[in-house]
Amino acid sequence: RDGGKGGKLLKRFKRGWMWNQFFLQEEYTGSDKQYIGKLQSDMDRGDGTLKYILSGDGAGDIFTIDENNGDLHANKRLDREDKAFYTLRATVVNKNTGMKLEPETEFIVKLHDINDNEPIFTKELYTVSVPERSNMGTSVTQVTATDADDSMYGNSAKLRYSISQGHPYFSVEPDTGIIRTALGPGEMDREKREHYQVVIEAKDMAGQRGGLTGTTTVNITLTDVNDNPPRFSQSIYQFSVPESMKAGTPVGRIKAVDKDLGKNAEMFYNVVGGDGLDMFDVITDKDSQEGIITVGKPLDYEKTRSYTLEIQVQNTQILDTRFLGYLPTKDMATVRIGIEDVDEPPLFERASYVMEVKEDAAVGTAVGSVRAMDPDGYNSPVRYSIDRRTDLDRLFNVHSGNGSIFITRPLDREEAAWHNISVIATEFNKPLQTSRGPVYIRLLDVNDNAPTFASFYETFVCEKTKAGQKIQTVSAVDADDPAGGHKFFFSLATELAYRGNFTVRDNGDNTAGVLTRRSSYSRLHKSVYLVPVVITDGDFPMQSSTGTLTVRVCTCDREGNMELCNAEAQTSSAGLSTGALVAILLCVIILLMIVVLFAALKKQKKKEPLIISKEDVRDNVVSYNDEGGGEEDTQAFDIGALRNPEAIEESKQRRDIIPSDTLYPPLRRTAIPSRDNADVRDFINQRVQDNDNNPTAPPYDSLATYAYEGTGSVAESLSSLGSASSEGDQDYNYLSDWGPRFRKLADMYGAEDSDCDS
């Protein structure tokens, strides 16, 4: 009751539902439906008027409810690892009206976990490494396993780790899965054993009996540390080498062994003792880690026949000496090298020779000498000669016995200041054993060249000038090369004719100025002055020469600029000498002659062609306008008469002169019986057949001329080369019938025959 004035009676309603969650065991294996529990409403009077309705997760499929009495069942086997709980809703309605009698209420069905999942490691195989010689308890790696069971319910997901394979080298922490080394540094030696396989087991139920287990494999490799020094496989090595071996040539290889790997096995060798310390070197092959012994200096069998080396080897990296004890960190080996004798060529005392001689030395003067000797024990005599390829001018020669080099031709330093020759030394008994020695000969300068003008000097002087006016500065050059440098002196020549006009003033710096001595000059009186200047050097013996300065007299303006000189000066000022003008004139004349000759030849060749077209030779009329005699005169006689005199027309007259019956009566000759010219017909028929069968013959009628005369020709050949008989057997009387020209020929040959007969 309420204690107030109004005094109301408060009434508490009784709750309609008496539950809010159910529990169900997972992985039910029975054949019947699994009973979960019973839902009951306070309004249920047991008269069958109420109806229970279920909704939510899995309602009707996984979970069912008896609508009459509210019994709740699971129809399927459930796995908590798939889903741990289900949320359902239930309500009560009137069967007849379908009206909700109570509001909908939510409840949960939780699955009780059972230990049905074994631990699973995150990796099936672990691959790790740990340095060798590690201290006991050094962490190697950590393995991790998981269990799908409920960690909040019982010990199904509580794991413990253990090692099933890998004792006694490694151990694992039960709770964390950290693997550690179980032995001390002395036992974990990579050189003894490098690889280990460890099996780790994880068990749930806190490791108790009946728990499920899972395993993983861990492959552990011991990494190398530099705990082993290199060691030679043998203490003494022996090699032999010819004495002719050049510096840098390999002699042999030695090898030390290091049990470590990689950089820890890298080593280097060095020679630390022995009588061959300065004669040989040793280098390290980076790939094979071998020591390569090489020749350091030239060897000589005659001096030393064997050498001993003390070679040391050690690591390039710092060595871990904790486990060496009293063992040394380096190793030593003895190398004995024998020198083999080789037949060597002569050896010069020096690698090269430098000699000096004055350039004016007489032929036969000795320049110097070279010396070579046989390095072998036989001490064979040596013969000397000069390689003429290095002395093409044959300026020097060498005495074959003592090696003295002397001059054979005059020398000139100005042509070549140095001469580099090669002297060949050859053994007398073995000509194939030769060697060469370079000889450098320097020619010392002698003052044998007079100084000259540095260039051609030409200047002018104005007609009106003043005395002492400088008109030109001259300098000199000298081919010689004195030790103290050049020193030139200039003066005017002693000719009195020039002393009154010009003078020379030496500047003291190897130059001189040419000055005027008059205030006026006349171009008409004398237009050119040739001033001789004497140039003398300062060396011994003194040399001098005279250079000529050309001075032209010109008309100048007030400022001293040249306005007009004589014709020669103008030509010179234009830059063309007389020789150049003559050369140009000759070239012009030659060009004109070539043009005229070419025009004449072209005019001569310009004639009317005998045949207008080279392609068309049908029915062409050839006209000859030349008059001539002899065999080339085609108008004077019928050429057919030469081929066959029997076919001559009786009334044939000359066409090159006016016919005259009085001078030339008609020719009469006795008819000659016709001969059978079968051979000519056969010849022509054969040529016609050849032309008919010729695929390249023109497709029209063409004229073909043949000079075949037949076997019975009277004229036969006109060539004396083909005549079978001598001139004395010929009868030339028939030539009288061919006209006056041939009559003269008949008289000439007939007269010769008569003379011969007489």
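The following paragraphs examine the structure supplied in this document. (Residues numbered from 1 in each chain as written. Predicted model: local features only at pLDDT ≥ 70, side-chain atom pairs only at ≥ 80, totals over all residues. Heavy atoms only, no water.)

1. A short note on a nonpolar patch on the surface
So, point 1. There is a patch of nonpolar side chains on the surface, built from V582, L585, L586, I589 and M593 and spanning about 490 Å² of accessible area.
So, point 2. Within the secondary structure, V582 is located in helix α3 (residues 578-605).
So, point 3. Using a relative accessible area of 45% as the deciding quantity, one classes V582 as partly exposed. (Patch = residues over 30% accessible without salt bridge, like charges linked within 9 Å, V, L, I, M, F, W, Y side chains within 5 Å. Areas by Shrake-Rupley, 256 points an atom, 1.4 Å probe, with all protein chains shown as cover. Salt bridge = Lys/Arg side-chain N within 4 Å of Asp/Glu carboxyl O. Helix = DSSP H or I, 4+ residues; strand = E, 2+ residues; numbered from the N terminus. Buried < 20%, exposed > 50% of the residue type's maximum accessible area, 1.4 Å probe, protein only.)

2. Quick notes on the sheet that holds strand β38 (residues 502-506)
So, point 1. Read from one edge to the other, the open sheet built from four strands follows the order β34-β36-β39-β38, with strand pairing classed as antiparallel. Two strands bound the open sheet, and with one partner strand each, they are β34 (452-453) and β38. (Pairing = 2+ DSSP bridges.)

3. A few points about the sheet that holds strand β12 (residues 160-165)
Paired through backbone hydrogen bonds, the strands of a sheet run either parallel or antiparallel to each other.
So, point 1. A sheet is described by the order of its strands in space; here four strands give the open sequence β9-β16-β15-β12, paired in mixed fashion. Strand pairing shows two members of the sheet lacking a second neighbour, β9 (125-131) and β12, which therefore form its edges. Across the sheet, the mean angle separating the axes of adjacent strands is 30° when strand polarity is ignored.
So, point 2. The pairing of β9 with strand β16 (residues 213-223) spans seven bridges and is parallel. When the bridges of β16 are listed, Y126 appears paired with V218. (Axes fitted to C-alpha atoms, helices over the stretch in contact; angles between N-to-C directions.)

4. Some words on the nonpolar core
So, point 1. Counting 24 residues, the largest nonpolar core has F232, Y269, F280, I293, I311 and I337 as the members making the most contacts within it.
So, point 2. Contributions of two or more residues to this core are made by β18 (236-242), β19 (250-257), β20 (267-273), β21 (280-284), β22 (290-295), β23 (306-315) and β24 (331-340).
So, point 3. Among residues more than four places away in sequence, those in contact with F280 are V251, V271, I293, T294, V295, G296, L299, Y307, L309, I337 and I339.
So, point 4. Grouped together as the second largest cluster of nonpolar side chains are 23 residues, Y353, M355, V398 and V423 included. (Core = buried A, V, L, I, M, F, W, Y, C linked by side-chain atoms within 4.5 Å. Contact = heavy atoms within 4.5 Å.)

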